[in-house]
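Okay, here's what each chain looks like letter by letter:
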Amino acid sequence: MPSTKELQNRIGSIRDTMKITNAMYMISSMKLRKARKQLENTEPYFEGLKEEISNILLHFPDMEDHYFANLEEKRKKEDHRKGYIIVVGDKGMCGAYNHNVIKEALKEITPEDHLFVVGEVGRHELAAAGYSVDPEFLFTATNPSMHRARVIAETIIDLYKKGELDEVHMIYTQMVNTMVSEVRQERLLPLKTHTFLKEELIQKALHHQGDKTRAQAEQEAEDWYLIYPDAKKVLEKLVYNYVTGYVYGVLVEGTASEENARMQAMQAATDNAKDMLAELSIQFNRARQSAITQEITEVIAGAKALRKKKSKGRSR
């Protein structure tokens with residue numbers, strides 16, 4: 001059994017660690033609330049952009065544009081180039097957050113794909129695994145901002161317009177609730193016409209067919225969608241801003257998920273530390289009681305020896 005001194009040192013070390021994990025929990029909690037608030041404040045603006053693009057597509061159904069290009073035709077090209085924006089964390093101590101994103105990314109990507117990785121952990125791991133990670137795409141995942149999202153969007157859109165990328169996907173983590181987060185993979189470019197048109201067409205079907213159910217209206221909307229061709233032209237600024245908003249939302253979701261994972265990891269570490277302290281306290285009390293018992297036994301033995309010595313002296 002360890003000595004009382006060793007147990008005291010270990011208890012003190014665990015208590016110091018608990019102070020750190022509690023502090024990290026509080027910091028992550030504040031960052032999480034900040035990220036969610038930022039997203040809530042910007043959502044109405046980007047929902048408005050989405051509505052404007054929907055209106056353009058509905059009023060000008062004969063227009064086509066490279067942002068809404070036919071993806072099937074692109075995929076038939078022999079040199080079809082895909083890019084992935086992968087949002088990972090900059091540091092660890094956040095449970096399986098980084099591992100889950102990288103694991104999902106490895107299921108989707110190939111060595112030929114061009115990777116744009118946000119976050120130091122993902123950059124190092126994917127580059128070490130031999131994948132084509134853009135060396136100039138050096139963006140942090142910490143404290144997402146609209147400026148960062150705009151720079152990322154402009155970089156990706158420019159490569160797409162130049163034909164260096166035919167398809168762009170995003171892999172990130174979405175926080176479903178405080179206990180559950182899911183790694184998601186969604187296509188960013190080319191934009192899906194269906195994303196903008198379907199809800200507008202459903203509302204139109206419900207307006208003209210008041211006696212029909214929403215399910216019937218959805219089916220009718222699907223039929224209308226097949227009639228409309230891809231748009232020829234979408235306002236450049238609207239598309240840029242919409243993609244910027246999409247990227248910003250992904251960055252915030254990633255940050256929120258990372259901080260939520262870190263909160264859970266720090267809470268688990270704190271709980272484990274409490275359990276260890278309880279066990280060590282029991283061991284310390286036992287060790288102290290054993291030491292006291294040993295000291296008492298030694299005192300009694302010494303007193304008995306002293307009495308025997310005095311008795312022998314008197315008998316002589």
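Residues numbered from 1 in each chain as written. Predicted model: local features only at pLDDT ≥ 70, side-chain atom pairs only at ≥ 80, totals over all residues. Heavy atoms only, no water.

Draft legend 1. Structural view of the nonpolar core. Grouped together as the largest cluster of nonpolar side chains are 42 residues, with contacts concentrated most on Y67, I152, L189 and V243. Where this core is concerned, the elements lending two or more residues are α1 (4-59), β1 (82-87), β2 (114-118), α5 (146-161), β4 (167-175), β5 (181-189) and α8 (236-315). When residues of this core are assigned to their parent elements, the largest contribution, 12 residues, is made by α8. Residues V101, I109, V117 and L126 belong to the second largest nonpolar core, which totals 14 residues. (Core = buried A, V, L, I, M, F, W, Y, C linked by side-chain atoms within 4.5 Å. Buried < 20%, exposed > 50% of the residue type's maximum accessible area, 1.4 Å probe, protein only. Helix = DSSP H or I, 4+ residues; strand = E, 2+ residues; numbered from the N terminus.)

Draft legend 2. How the structure looks around a negative patch on the surface. Taken together, the side chains of E40, E43, E47, E51 and E52 define an acidic patch exposed on the protein surface. Tracing the backbone through its elements, the reader meets E51 in helix α1. (Patch = residues over 30% accessible without salt bridge, like charges linked within 9 Å, V, L, I, M, F, W, Y side chains within 5 Å. Areas by Shrake-Rupley, 256 points an atom, 1.4 Å probe, with all protein chains shown as cover. Salt bridge = Lys/Arg side-chain N within 4 Å of Asp/Glu carboxyl O. Lys, Arg positive; Asp, Glu negative; His and termini not counted. Charge placed at Lys NZ, Arg CZ, Asp CG, Glu CD.)

Draft legend 3. Highlighting the sheet that holds strand β3 (residues 132-133). Strand order in the open sheet formed by 5 strands is β3-β2-β1-β4-β5, with mixed pairing between adjacent strands. Either end of the sheet is taken by a strand with one partner, and the two such strands are β3 and β5. Bridging between β2 and β3 involves 2 bridges; their strand directions are parallel. What sits directly across from H114, in β3, is S132. Packed onto the sheet, helix α4 (residues 120-128) meets β1, β2 and β3 and runs at close to 150° relative to β2. (Pairing = 2+ DSSP bridges. Contact = heavy atoms within 4.5 Å. Axes fitted to C-alpha atoms, helices over the stretch in contact; angles between N-to-C directions.)

Draft legend 4. Main features of the packing of aromatic side chains. Overall, the coordinates contain 3 aromatic pairs when judged by the stated rule. Ring centres 5.3 Å apart and planes at 70° place the aromatic pair F116 and F137 in the edge-to-face group. Of this pair, F116 sits in strand β2 while F137 sits in the loop between β3 and α5; the two residues are 21 residues apart in sequence, bridging distant segments of the chain. Considered together, F116 and F137 belong to a single accessibility category, that of buried residues. Here the aromatic rings of F137 and F139 are separated by 4.7 Å at their centres, their planes lie at 65°, and the arrangement is edge-to-face. (Phe/Tyr/Trp six-rings, centres within 6.5 Å; stacked < 30°, edge-to-face > 60°.)

Draft legend 5. Main features of empty space enclosed by the protein. Following the criterion strictly, the structure yields 1 cavity of 30 Å³ or more and no others. Lining the largest cavity we find K31, D90, K91, A141, T142, N143, T255, E258, E259 and R262. Looking at the lining of the largest cavity element by element, the count peaks at 4 residues for α8. Of the residues assigned to the lining of the largest cavity, the class counts are 1 nonpolar, 3 polar and 6 charged. (1 Å grid on protein atoms, 1.4 Å probe; cavity = no way out; pocket = protein on both sides within 12 Å on 5 of 7 lines; lining within 4 Å. Points joined across faces, edges and corners; volume = space filled by probe spheres on them. Nonpolar A, V, L, I, M, F, W, Y, C, P; charged D, E, K, R; others polar.)

Draft legend 6. Structural detail: unusual backbone geometry. Geometrically, the link from L189 to P190 is a cis peptide bond, its omega value of -10° lying close to zero. Relative to the helices and strands, P190 resides in the loop between β5 and α6 (193-208). For M93, which is not glycine, the phi torsion reads 60° and is therefore positive. Residue placement: M93 occurs in the loop between β1 and α3 (97-108).

Draft legend 7. Focus on the packing of α3 against α4. For the pair α3 and α4, the least separation of the axes is 10 Å and the interaxial angle reads 45°. The angle between α3 and α4 places the two elements in the oblique class. Crossing handedness for the pair α3 and α4: right-handed. Taken together, the residues of α4 that come into contact with α3 (itself represented by N98, I102 and L106) are V121, G122, E125 and L126. Its residues placed into classes, the contact of α3 with α4 shows 4 nonpolar, 2 polar and 1 charged. (Parallel < 35°, antiparallel > 145°, perpendicular 65-115°, else oblique. Left-handed = near helix turned anticlockwise from the far one by under 90°.)

Draft legend 8. Quick peek at a nonpolar patch on the surface. On the surface, V176, M179 and V180 cluster together to form a nonpolar patch covering roughly 290 Å² of accessible area. Relative to the helices and strands, V176 resides in the loop between β4 and β5. According to the relative accessible area criterion, V176 is partly exposed, its value standing at 46%.

Draft legend 9. Highlighting the pairing of β1. β1 sits mainly inside the fold: 5 of its 6 residues count as buried. Of the strand pairs in this sheet, β1 and β4 are connected by 5 bridges, and their pairing is parallel. Looking across to β4, one finds that K82 is bridged to E167. Between β1 and its parallel partner β2, the chain crosses via α3, and the hand of that crossover is right-handed. (Right-handed = clockwise from strand over helix to strand, strands pointing away.)

Draft legend 10. The environment of I171, seen in detail. With respect to the element layout, I171 can be found in strand β4. A relative accessible area of 0% places I171 in the buried class. The sequence separation of I171 and I86 amounts to 85 residues, and the corresponding C-alpha distance is 4.8 Å. Residues in contact with I171, not counting those within four places in the same chain, are Y84, I85, I86, V87, V101, E104, A105, E108, V183, R184 and Q185.

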